[in-house]
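So you can see what is in the structure, the chains are spelled out below.
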Amino acid sequence: METVVIIGGGAAGLAAAIAAAECGDRVTVLERMDRVGKKILATGNGRCNLMNTGMRRYPGSSAWADAVLDRCGVEAQTRFWQHLGLRMRQEDGGRVYPVSGMASSVLDTLRFAAAALQVEIVTGVQVTGLFKARHGWTVMAGENKWKADRVIVAGGGCAQPKLGSDGSTWPLMTALDHRLNAPKPALTQIVTETAPIRGLSGIRIRTAVKVTRAGADVYQEAGELLFADYGVTGVCSMQCARYVQPGDLFHIDLSRAFGFESPAALRQELHRRLSAWGERSQGELLTGLCVPKLADALFRAAGMKAGEHALCKRITEDQIERLVQCAADFMLEIRGVKGFESAQVTAGGLNVQDFDPATMASLLAPGVHAAGEMLDVDGDCGGYNLMFAFGSGILAGLNGRNCPW
Ligand SMILES: Cc1cc2nc3c(=O)[nH]c(=O)nc-3n(C[C@H](O)[C@H](O)[C@H](O)COP(=O)(O)OP(=O)(O)OC[C@H]3O[C@@H](n4cnc5c(N)ncnc54)[C@H](O)[C@@H]3O)c2cc1C
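Computed from a prediction, not measured in an experiment: that's the story for all the values here.

A. Up close: the sheet that holds strand E3 (residues 51-52). Ordered by their spatial adjacency, three strands build an open sheet running E3-E5-E4, and the pairing between neighbours is antiparallel. Edge strands, defined here as strands with exactly one partner in the open sheet, are E3 and strand E4 (88-90). Sheet topology places E3 next to strand E5 (residues 95-98); two bridges connect them, and they run antiparallel. Across the sheet, residue Asn52 finds its bridge partner in E5, namely Arg95.

B. Quick look at the site of the ligand. Taken together, 41 residues form the shell around the ligand, and within it Gly8, Gly10, Gly156, Gly164 and Gly372 come nearest. In terms of residues, the shell around the ligand owes the most to one element, helix H12 (residues 384-398), which gives four residues. In terms of residue class, the shell around the ligand is made up of 16 nonpolar, 19 polar and six charged.

C. The sheet that holds strand E2 (residues 26-30), seen in detail. The strand order across the open sheet formed by five strands is E6-E2-E1-E10-E19, and the pairing between neighbours is parallel. On the outer flanks of this sheet lie strand E6 (120-122) and strand E19 (368-370), each paired with one strand and no other. Along the sheet, successive strands turn relative to each other by an average axial angle of 20°, direction set aside. In terms of strand pairing, strand E1 (residues 3-7) meets strand E10 (residues 150-153) through four bridges, oriented parallel. Within E10, the position partnered with Ile6 by the bridge is Ile152. Helix H1 (residues 11-22) rests against E1, E2 and E10 of the sheet, and its axis sits at about 170° to E2.

D. Molecular detail of unusual backbone geometry. The backbone of Cys48 shows a phi angle near 60°, a positive value even though the residue is not glycine. Its location among the elements puts Cys48 in the loop between helix H2 (38-42) and E3. Judged by the 27 C-beta atoms lying within 10 Å of it, Cys48 falls in the buried class. Here the phi dihedral of Asn399 falls at roughly 50°; this positive angle occurs in a residue that is not glycine. By secondary structure assignment, the location of Asn399 is in the segment after H12.

E. Helix H9 (residues 263-276), seen in detail. End to end, H9 covers 20 Å across 14 residues, agreeing with the expected 20 Å (1.5 Å per residue, within 8%). Of all the positions in H9, only Leu266, Leu270 and Arg273 are classed as buried. Viewed along the axis of H9, the buried residues span an arc of 60°, placing them on a single side of the element. With respect to the buried face of H9, the exposed residues turned more than 90 degrees away are Ala264, Arg272, Ser275 and Ala276.

F. Region of the structure containing the domain arrangement of the protein chain. You can read the domains of the protein chain as domain 1 (3-185 + 341-398) and domain 2 (189-338). Inter-centroid distance (C-alpha atoms) of domain 1 to domain 2 is 40 Å. Residues of the side of domain 1 that touches domain 2, tallied by class, amount to five nonpolar, one polar and one charged.

G. The pairing of strand E16 (residues 249-252), seen in detail. The alternating pattern of E16 places Phe250 and Ile252 on a buried face and Leu249 and His251 on a face that is not buried. Here four bridges tie strand E13 (residues 204-213) to E16, and the two strands are oriented antiparallel to one another. In the sheet register, Val209 faces E16, and the bridge partner there is Ile252.

Cut-offs and rules
- Residues numbered from 1 in each chain as written.
- Predicted model: local features only at pLDDT ≥ 70, side-chain atom pairs only at ≥ 80, totals over all residues.
- Pairing = 2+ DSSP bridges.
- Helix = DSSP H or I, 4+ residues; strand = E, 2+ residues; numbered from the N terminus.
- Near = placed C-beta within 6 Å.
- Nonpolar A, V, L, I, M, F, W, Y, C, P; charged D, E, K, R; others polar.
- Axes fitted to C-alpha atoms, helices over the stretch in contact; angles between N-to-C directions.
- Contact = placed C-beta atoms within 7 Å.
- Buried ≥ 20, exposed ≤ 12 C-beta atoms within 10 Å, placed from the backbone.
- Expected span 1.5 Å × (residues − 1).
- Arc of directions from axis to C-beta.
- Domains from an automatic or database assignment.

Below you can see the structure in the form of structure tokens.
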């Protein structure tokens, strides 16, 4: 039996605590907030998308994430949750949720299992020091000290610090010579020029988007996009955020959002409408393809004013061409991204080459482990980040021992 202190009572820390306690360790979790798992409650819009059974999508350190999840991925985590009594349901795109549809079920499952295993949870404790002792390690929080054979640091990144993770556990690790790759917000909203999207806030479309820099493609994605007064959000644009720089261009394919396979198909439909709807007002041209505010924005982008009295038959060939082009490539200049306050995850973090993916043990400080988002691993939307946090936490807790479930 070892004495294990876990810094951070989030997804990774709680999973580590349960795994270590199941192996017979005496476990203490130190959490800076007034309760553990606050971020878990906010995940998946309160439903907690805790895993993904599809192809892995980890743009940050993907090979290393694979090395972790090959050891504790969907199968092992499913067994873990079944053992703890959490029933889950798979939805579109391999996304897995608790059957209750409530993130609180996931947190309760973890909390009650930890309590049953006599894990000591100490809240309201901001850990500020981690030092090598003659035997094992000493963890410091102000005047308070804890001795441990092993320490698992699971303090998260710095996305949404109001939920607990404020980046304050990275210095504990850099002081022990671990390398830190510059943290930056990922899965966050993109701030763009606003004139072209005036009035569109709240409009949701399914589309394909692309980011370009100086004419070269940087990243593309497809899915749901939501216009906002500052720019764009929704899964499809949030996934672009880790790749963008101010000055890049964000291209939205509205012809796809209007339900056409190609700009040519949209052109054909607009011609059909022109012939059939000649006596109708120009403002009606895009009826049935999008809401009027989006039609207005497209007319503006194409340099047209859909006057109330102007008739469709007055629209020229040249104007149709401009409408089709602007729909196929509705372009916004990127100003930047929203900061850590609204990001869902941190890209960057502790350099994974300093850790063993089988046990999450540090290669530089024997007896210290790191798990979860504080490592330089980040996944796409869809349950990938929690899956990594839980998987790496379980491996850190087990520390190479056989899985008891
Ligand atoms: C709004 C939102 C929605 C999300 N939805 C999803 C989703 O549906 N699916 C998904 O896969 N991912 C989602 N994520 C991402 C996911 O929640 C995180 O990647 C995951 O929680 C990381 O787990 P972690 O244990 O590493 O860190 P955290 O969950 O952040 O836990 C770290 C804990 O450490 C504590 N701590 C930090 N510093 C100290 C210190 N110095 N001393 C003591 N305690 C400390 C913190 O208070 C915190 O409780 C979402 C994130 C957000 C913000």
